[in-house]
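Residue-level structural notes
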Number of protein chains: 2
Amino acid sequence: MLLSKSCVYGLRASVFLALHADREYIPISEISEKLKISFHFLTKILQLLTQKGLLVSYRGPHGGVALTRPPKEVIIYDVVNAIDGDEIFTGCILSLPGCGNQTPCPMHESWTLVRNKIRTLFLTTSLADLAKGVKDNNLRLVDIEQLISAPADKV
Amino acid sequence: MLLSKSCVYGLRASVFLALHADREYIPISEISEKLKISFHFLTKILQLLTQKGLLVSYRGPHGGVALTRPPKEVIIYDVVNAIDGDEIFTGCILSLPGCGNQTPCPMHESWTLVRNKIRTLFLTTSLADLAKGVKDNNLRLVDIEQLISAPADKV
DNA sequence: TTAATTTAGGACAAAAGAGTCTTAAATATA
DNA sequence: TATATTTAAGACTCTTTTGTCCTAAATTAA
């Protein structure tokens, strides 16, 4: 997988928070139920995003997590970078340490071009962009199977 | 990592075989020594490539492995597909099963564009292309650290 | 025929990723 | 104050990936 499962869950949850940016704090239990992600696992991931400053959290009744900044200002590059690091945006496709312009691997030049397309996409896509897709065109954040079994809960 | 370690090792070994396509069979021990890849691990990976038909193998003295087809005719898409499958060339970036034109995720459209750049790169790059880079421009297949410690063995 | 070389195949171990669970701390409210 | 709610933190388990090792089978050559 290009992105780890943790990263995918973190991204989906971030978009969910963007969809509910008007509300105060959202309990992780609600996110995990709506997105069908294990509560405890998601908790760990969102704790990481909180530590990295992307989310703020609040304990106790009416507590939960929320985006630190408005969804328009959060690029998905930051979410991915916080969870998976920047290897996919900067790394050598043959995983050769020290691959660069000085000592390139045989795919260095062509891969750099493609890699920059990936990087640009993540740098220019905000949580608001993805949330808009979900709202305007009914795009989905959960497994199609789960949509079929409970269409009313579509997120 | 975009590609698994197995896949990276399989690719590096395939380029090595392309570099020595004039010879008969190359023992896996030689590849593992030159590329500094664990012999036993590499053996398993190359067995897989043999099973998939990309390599032919021969047991006994003067045995080893060799490319089934000339390096010019082997695209690296096939090597990656044999080891890691086609998920990176076809999969949803949010790993949502059933993501497609009918039921897209919010990144479906933009990711498909970028993913096709990746796909095209791997479809249009042959082992001969990579081997040429290694030969003509002295590009490398091994870790820079190992090059420094043994520059004469550069591959 | 015997010995050496080499891949095939599978058991096994270590490390990393994914997922579960329990307890502690903070907070709100009755 | 007492209780319920919620995140924080860390131990723990399960699975997958990565890596090691051993034995069998095929082949060559002495």
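So, how was this worked out
- Residues numbered from 1 in each chain as written.
- Chains lettered and ligands numbered in written order.
- Predicted model: local features only at pLDDT ≥ 70, side-chain atom pairs only at ≥ 80, totals over all residues.
- Heavy atoms only, no water.
- Salt bridge = Lys/Arg side-chain N within 4 Å of Asp/Glu carboxyl O.
- Least-squares fit on C-alpha atoms with pLDDT ≥ 70 in both.
- Contact = heavy atoms within 4.5 Å.
- Near = heavy atom within 4 Å.
- Polar contact = N/O pair within 3.5 Å; in protein donor to acceptor, adjacent residues only side chain to side chain.
- Helix = DSSP H or I, 4+ residues; strand = E, 2+ residues; numbered from the N terminus.
- pLDDT = per-residue confidence, 0-100.
- Core = buried A, V, L, I, M, F, W, Y, C linked by side-chain atoms within 4.5 Å.
- Buried < 20%, exposed > 50% of the residue type's maximum accessible area, 1.4 Å probe, protein only.
- Nonpolar A, V, L, I, M, F, W, Y, C, P; charged D, E, K, R; others polar.
- Lys, Arg positive; Asp, Glu negative; His and termini not counted.

Any two side chains of opposite charge can pair, on the condition that their charged atoms come close. All names here are of chain A. Evaluated as defined, the whole model comprises eight salt bridges over all chains. Put simply, Asp78 and Arg69 hold a salt bridge, and the shortest N to O gap is 3.9 Å. One connected set of salt bridges, linked through shared partners, spans Arg23, Glu30 and Lys34.

Before going further, it helps to examine the relation of the copies chain B and chain A. Of the transformation placing chain B onto chain A, the axial shift is 0.0 Å and the rotation is 180°, giving an RMSD of 0.0 Å. On this basis, the relationship between the two copies can be described by a two-fold rotation axis. Of the C-alpha atoms belonging to chain B, the one lying closest to the rotation axis is found on Leu2 of chain B, 2.5 Å away. The overlap is high: 100% of the interface residues of chain B also sit at the interface in chain A, so the same surface is used on both sides.

What follows concerns the protein's contact with DNA strand C. With respect to spatial proximity, 27 residues lie near DNA strand C, and among them Ser38, Phe41 and Tyr58 of chain A together with Ile28 and Ser57 of chain B are the closest. Counting only atoms of DNA strand C within 4 Å of the protein, the fraction found in sugar and phosphate groups is 65%. A distance of 3.2 Å is found between a phosphate oxygen of DNA strand C and a side-chain nitrogen or oxygen belonging to Gln51 of chain B. If you tally residues by element for the surface near DNA strand C, the top one is helix H3 (residues 39-51) of chain B, at four residues.

This next bit is on the confidence of the model for chain A. Per-chain confidence: chain A averages 91 in pLDDT, with 93% of residues scoring 70 or above. Listed scores for the predicted complex are pTM 0.93 and ipTM 0.91.

Our next topic: the nonpolar core. Counting 104 residues, the largest nonpolar core has Ile31 and Phe122 of chain A together with Leu3, Ile31 and Phe122 of chain B as its most contacted members. Not counting residues up to four positions away in its chain, the partners in contact with Leu3 of chain B are Ile93 of chain A together with Val8, Leu11, Val80, Asp84, Ile88 and Phe122 of chain B.

Between chain B and chain A, the residue contacts involve 35 residues of the former and 35 residues of the latter. Summed over the shared surface of chain B and chain A, the number is zero salt bridges. At the junction of chain B and chain A, the tally comes to four residue pairs in polar contact (both at pLDDT 80 or more). For the side of chain B that touches chain A, the secondary structure elements donating two or more residues are helix H1 (5-19), helix H6 (108-124) and helix H7 (127-137) of chain B. Sort the elements by how many residues they give to the side of chain B that touches chain A and H6 of chain B lands first, with seven residues. Looking at the side of chain B that touches chain A residue by residue, the classes come out as 26 nonpolar, four polar and five charged.

What follows deals with the protein's contact with DNA strand D. Ile28, Ser57 and Arg59 of chain A together with Ser38 and Phe41 of chain B are the nearest of the 27 residues found near DNA strand D. Among the atoms of DNA strand D lying within 4 Å of the protein, the sugar-phosphate backbone contributes 65%. Take Pro61 of chain A: an N or O atom from its main chain is 3.5 Å from a base oxygen of DNA strand D. Arg59 of chain B has a polar side-chain atom sitting 3.0 Å from a base nitrogen of DNA strand D. The biggest single contributor to the surface near DNA strand D is helix H3 (residues 39-51) of chain A, with four residues. Within the surface near DNA strand D, the residues separate by chemical class into nine nonpolar, 13 polar and five charged.

Before going further, it helps to examine the side chain of Arg115 of chain B. All names here are of chain B. Structurally, Arg115 is set in helix H6. Of the buried charged residues, Arg115 lacks a salt bridge, with Glu87 as the closest side chain of opposite charge at 8.6 Å. Setting aside anything within four residues of it in sequence, one finds Arg115 in contact with Ile88, Phe89, Thr90, Gly91 and Cys92.

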